Amino acid sequence: MSKANISILLVLLSVVIVGGVYLYVYKPNMEDKDVIQAEINTLQARYNDLSAKAQKKEQYIADTEMYRAEFEDEVAYFPATLDQEISVMFVKGLIKDEGVKQFDVNNVGLGRPSMFYVLGSGATQSGADVAVTDDSYLCYTAAFPISYAGSYEGIKDLLDYIMAYKYRMNVSAVTMSYNSETDAFTGSISINAYCITGGDREADKISVNVNNGVDNIFHGGSGAVAVSSFEYDADNGAAIVSNHDVNILLNNANNDTSDGIIVSAGGSDTYVTSGANEVQTLVITVDSEEGKNFVTYAIGDKSYKKEIVSSDLKIYVESSKRVDGNDNNGVKVTVDNKTSLPVFFKVVDDDTTSPRFSVGSKSGTVKVY
């Protein structure tokens, strides 16, 4: 082979070697360099961003705690569940028997809760398209249709009760009809209740202080002694007229001499009275302190407390017949007897058609002659 051909071959070999080095060494390295540089740029940008945020770390922590607290404050306006037990306790709070404030629930529907929103998802309706996790906060609603009977003031008090209730609710519809003869209202009201479940929220605990089981349903509730004959049964309580601990005097509120309702345990310094021409709630509480028994009677914010030194509590009720259709005076007595002492009432001269005296709720042994 001539030197010229050898030179040509060497030149071609050099070109092939240089091309191979470019294609298989230089070019891949440059591509890797570009990729690495891109990663460096991305990481540098993230580093710069995190470095800037790190400068405000304490502020971000404080803001997070503030927003979390605000979130919890808002969520606290809604219960964690809409259990029927909680709903029943709410409905029970609607019932009123306080002077002009009368409200009774005839029928109530306990609606089934249905989910309508997932917090933070923007999903409404059923939320079926949203991935729900253990940390999700789910919003439910339930409707409570109620049929009622009561006074106008009682209905207004119902609305106040709903607006001031510890959890958010709203009234969606109200119907009302008036009976002029009885001065009473009947109708229906639809209430929407809401709850938010999820996270670490805990359901309310229901505490119902009602003991079940009594020896005789006509002789009171918790703490009632076994049914037996009492010493006042022989004369139908007549002995209480001359020997009693508390006296209740019921007259026409429009008389010119004294208040229509006077409850006393002796002198005028023991008086609890009412001059209103309406039925008043008289609360009588019997309890014990340091081995002594006491009775407290109260009308509204007026009350008097007296020690009971006998083995029972005797209350003499001096009532009277109503003078006309405008005579509305009377008492509805609530007895909360927290002791084993029996409580006896002797009622004299009450109006047989429209009694001034009646007994509402009671606990312990309570007997009326």
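Residues numbered from 1 in each chain as written. Predicted model: local features only at pLDDT ≥ 70, side-chain atom pairs only at ≥ 80, totals over all residues. Heavy atoms only, no water.

### A few points about the overall build of the chain
Then step 1. Scanning the chain for helices and strands turns up five helices and 17 strands.
Then step 2. Counting over 369 residues, the chain shows a buried share of 30%.
Then step 3. At a minimum sequence separation of 6, the contacts of the chain that also span at least 24 residues come to 68%.
Then step 4. Of the accessible surface of the chain, which amounts to about 22600 Å², a share of 53% is contributed by carbon and sulfur atoms. (Helix = DSSP H or I, 4+ residues; strand = E, 2+ residues; numbered from the N terminus. Buried < 20%, exposed > 50% of the residue type's maximum accessible area, 1.4 Å probe, protein only. Contact = heavy atoms within 4.5 Å. Areas by Shrake-Rupley, 256 points an atom, 1.4 Å probe, with all protein chains shown as cover.)

### Focus on the packing of aromatic side chains
Then step 1. Taken as a whole, this structure holds 13 aromatic pairs when the rule is applied.
Then step 2. On the basis of an interplanar angle of 75° and a centroid distance of 6.1 Å, the ring pair of Tyr 165 and Tyr 167 is categorised as edge-to-face. For the pair shown, Tyr 165 and Tyr 167 are each scored as buried.
Then step 3. Taking the centre distance of 5.8 Å and the plane angle of 40° together, the rings of Tyr 297 and Tyr 304 count as tilted.
Then step 4. A relative accessible area of 1% places Tyr 297 in the buried class.
Then step 5. A connected cluster of aromatic rings, assembled from ring pairs, spans Phe 90, Tyr 161, Tyr 165 and Tyr 167.
Then step 6. It is Arg 168 that lies over the ring of Tyr 77; its NZ or CZ is 4.2 Å from the centre.
Then step 7. Taking NZ or CZ as reference, Lys 305 lies 5.0 Å from the ring centre of Phe 294, over its face. (Phe/Tyr/Trp six-rings, centres within 6.5 Å; stacked < 30°, edge-to-face > 60°. Lys NZ or Arg CZ within 6 Å of the ring centre and 35° of its normal.)

### Let's talk about the sheet that holds strand 12 (residues 302–308)
Then step 1. What the five strands build is an open sheet, ordered 12-11-10-14-16; its pairing is mixed. With one partner strand each, in any of the chains shown, strand 12 and strand 16 (357–363) form the two edges of the open sheet. Across the sheet, the axes of successive neighbouring strands diverge by a mean angle of 20°, strand direction being ignored. (Pairing = 2+ DSSP bridges. Axes fitted to C-alpha atoms, helices over the stretch in contact; angles between N-to-C directions.)

### Quick notes on the sheet that holds strand 9 (residues 272–274)
Neighbouring strands of a sheet are bound in pairs by backbone hydrogen bonds; such pairs are parallel or else antiparallel.
Then step 1. In spatial order, the strands read 9-8-7-13-15-17; together these six strands make up an open sheet with mixed pairing. Looking at strand neighbours, the two that pair on one side only are strand 9 and strand 17 (366–368), the edges of this open sheet. Neighbouring strand axes in the sheet, compared pairwise and without regard to direction, differ in orientation by 10° on average.
Then step 2. Bridging between strand 8 (residues 261–264) and strand 9 involves three bridges; their strand directions are antiparallel. Of the residues in strand 9, the one forming a bridge with Ile 262 is Thr 273.

### Considering unusual backbone geometry
Then step 1. Its identity is not glycine, yet Glu 290 carries a phi of approximately 50°, on the positive side.
Then step 2. Within the fold, Glu 290 resides in the loop between strand 10 (279–289) and strand 11 (292–299).
Then step 3. Residue Glu 290 is classed as exposed on the basis of its relative accessible area of 83%.
Then step 4. A positive phi is found at Asp 349, a non-glycine position, where the angle reads about 60°.
Then step 5. Assignment of secondary structure puts Asp 349 in the loop between strand 15 (343–348) and strand 16.
Then step 6. Judged by relative accessible area, which is 58%, Asp 349 ranks as exposed.

### Looking at the nonpolar core
Then step 1. In this structure, Val 263, Leu 282, Ile 284, Leu 313, Ile 315 and Phe 345 are the most contacted members of the largest nonpolar core, which totals 26 residues.
Then step 2. For this core, the secondary structure elements donating two or more residues are strand 7 (246–250), strand 8, strand 10, strand 11, strand 13 (313–318), strand 14 (330–337) and strand 15.
Then step 3. With sequence-adjacent residues up to four places away left out, Phe 345 is seen in contact with Ile 248, Ile 284, Ile 315, Val 317, Val 333, Val 335, Phe 357, Val 366, Lys 367, Val 368 and Tyr 369.
Then step 4. Listed in part, the 21 residues of the second largest apolar core include Leu 82, Phe 90, Ala 142 and Tyr 148. (Core = buried A, V, L, I, M, F, W, Y, C linked by side-chain atoms within 4.5 Å.)

### Considerations on helix 4 (residues 152–164)
Residues spaced three or four apart along an α-helix point in a common direction, a consequence of the helix completing one turn every 3.6 residues.
Then step 1. In this model, helix 4 (13 residues) spans 18 Å end to end at C-alpha, consistent with the 18 Å of a helix rising 1.5 Å per residue.
Then step 2. Listing the buried residues of helix 4 in full gives Gly 154, Ile 155, Asp 157, Leu 158 and Ile 162. Taken down its axis, helix 4 places every buried residue within 160° of arc, on the same side. Those residues of helix 4 that are exposed and angled more than 90 degrees off the buried face are Asp 160, Met 163 and Ala 164.
Then step 3. If you follow the buried residues of helix 4, they end up packed against helix 3 (84–92), strand 1 (96–98), strand 2 (101–108), strand 4 (138–150), strand 5 (169–179) and strand 6 (184–197). (Expected span 1.5 Å × (residues − 1). Arc of directions from axis to C-beta.)

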